[in-house]
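Residue strings, one per chain:
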Amino acid sequence: MRIFVINGPNLNLLGSRQPEIYGTADLSAVQEKLEDLASELDIEVQLFQSNSEGEIIDAIHRAADEAEGIIINPAAYTHYSIAIRDALQAVKVPAVEVHISSIHSREQFRSISVTAPACAGGIWGMGIDGYCLALRALAGMTARERTPETSQ
Ligand code: DQA
């Protein structure tokens, strides 16, 4: 099983960007944590970060053929990218939306996610641990899909 982890704009600056909000761990620390958990769960994770909307959409499209699940932190695009929402809806791959910070306790515009309705679920405010929680959720979700129901 392969999971795409897609990170949006400015998340390449994780670790130095507003550490009081996003913490001091950088994206390579996220990758390390995810890879440790992924090997425990016997899953492959592929991390991707882009500051461009089109590249994020292309990664979501690729997931349709190459992955069983998507973890996405669309960053600021969360709040206005109908194009990313459409891409998530177009591919039949379950997605979990992650936000490192508590988007519901910050500026009001951050509490609106136009992308969340295209996702199976979401995690916010748990720091970078949110990515691992999302991985566990997706692993459970896809395992259930693969297990045929017993008729009793
Ligand atoms: C974020 C929250 C967004 O509002 C913000 O634009 C980001 C990061 C988060 O992970 O908390 O870039 O998605």
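All of these numbers come straight from a predicted model, not from anything done at the bench.

Cut-offs applied
- Along each chain, numbering runs from 1 in the same order as the chain's sequence is written.
- Only residues with pLDDT of at least 70 get local features here, since the model is predicted, and only at 80 or more are side-chain atom pairs given and counted; chain-wide, interface and lining totals rely on the full set of residues.
- By convention in this description, side-chain values take in all heavy atoms of the structure and omit both hydrogens and water.
- In this text, helices come from DSSP runs of H or I with a minimum length of four residues, and strands from runs of E with a minimum of two, each type numbered from the N-terminal end.
- Remark: exposure states derive from per-residue accessible area (1.4 Å probe, protein chains only) relative to the maximum for the residue type, with buried under 20%, exposed over 50%, and partly exposed in between.
- Residue contacts follow a heavy-atom distance rule, with two residues in contact if any of their heavy atoms lie within 4.5 Å.
- For every accessible area listed, the method is Shrake-Rupley and the probe measures 1.4 Å; residues are considered covered only by the protein chains on display.
- Residues scored as charged are limited to Lys and Arg (positive) and Asp and Glu (negative), so that His and the chain ends carry no count.
- Where a charge lies is defined by one atom per residue type, namely NZ (Lys), CZ (Arg), CG (Asp) and CD (Glu).
- Salt bridges, as used here, are contacts in which a Lys or Arg side-chain nitrogen is within 4 Å of a carboxyl oxygen on Asp or Glu.
- For the purposes of these results, a polar contact is taken to be a pair of N or O atoms within 3.5 Å, where, inside protein, one atom must be able to donate a hydrogen and its partner to accept one; residues adjacent in sequence count only when each atom of the pair is a side-chain atom.

Focus on the overall build of the protein chain
Stage number 1. The number of helices and strands found in the protein chain is five helices and five strands.
Stage number 2. Helices (α) and strands (β) of the protein chain occur, in sequence order from the N terminus, as β-α-α-β-α-β-α-β-β-α.
Stage number 3. Here the C-alpha coordinates of the protein chain stretch approximately 50 × 30 × 30 Å along the principal axes.
Stage number 4. Residue burial in the protein chain is summarised as follows: out of 152 residues, 44% are buried.
Stage number 5. Of the contacts formed within the protein chain by residues at least 6 apart in sequence, a portion of 77% connects residues at least 24 apart.
Stage number 6. For the protein chain, the exposed surface amounts to about 7,800 Å²; the carbon and sulfur share of it is 48%.
Stage number 7. Looking at the protein chain, you have 11 positive and 20 negative side-chain charges, and the mean spots of the two groups are 4 Å apart.

Describing the pattern of salt bridges
Stage number 1. Tallying each qualifying case throughout the model produces five salt bridges.
Stage number 2. Between arginine 2 and glutamate 44 there is a salt bridge; the shortest N-O distance is 3.2 Å. Placement of the pair is arginine 2 in strand β1 (residues 2-7) and glutamate 44 in strand β2 (residues 44-49), with a sequence separation of 42 residues.
Stage number 3. On the accessibility criterion, arginine 2 (26% relative accessible area) is partly exposed.
Stage number 4. Note on glutamate 44: relative accessible area 36%, which makes it partly exposed.
Stage number 5. A salt bridge links glutamate 107 to arginine 110; the nearest nitrogen and oxygen atoms lie 2.7 Å apart.
Stage number 6. By relative accessible area, glutamate 107 is classed as partly exposed at 36%.

Brief notes about the side chain of asparagine 73
Stage number 1. Along the polypeptide, asparagine 73 turns up in strand β3 (residues 69-73).
Stage number 2. A relative accessible area of 4% means that asparagine 73 is categorised as buried.
Stage number 3. Only 3.2 Å separates the side chain of asparagine 73 from the side chain of tyrosine 131, close enough to count as a polar contact.
Stage number 4. Beyond its immediate chain neighbours, meaning those up to four positions away, asparagine 73 contacts Ile6, Asn7, Gly8, Leu11, Val98, His99, Ile100 and Tyr131.

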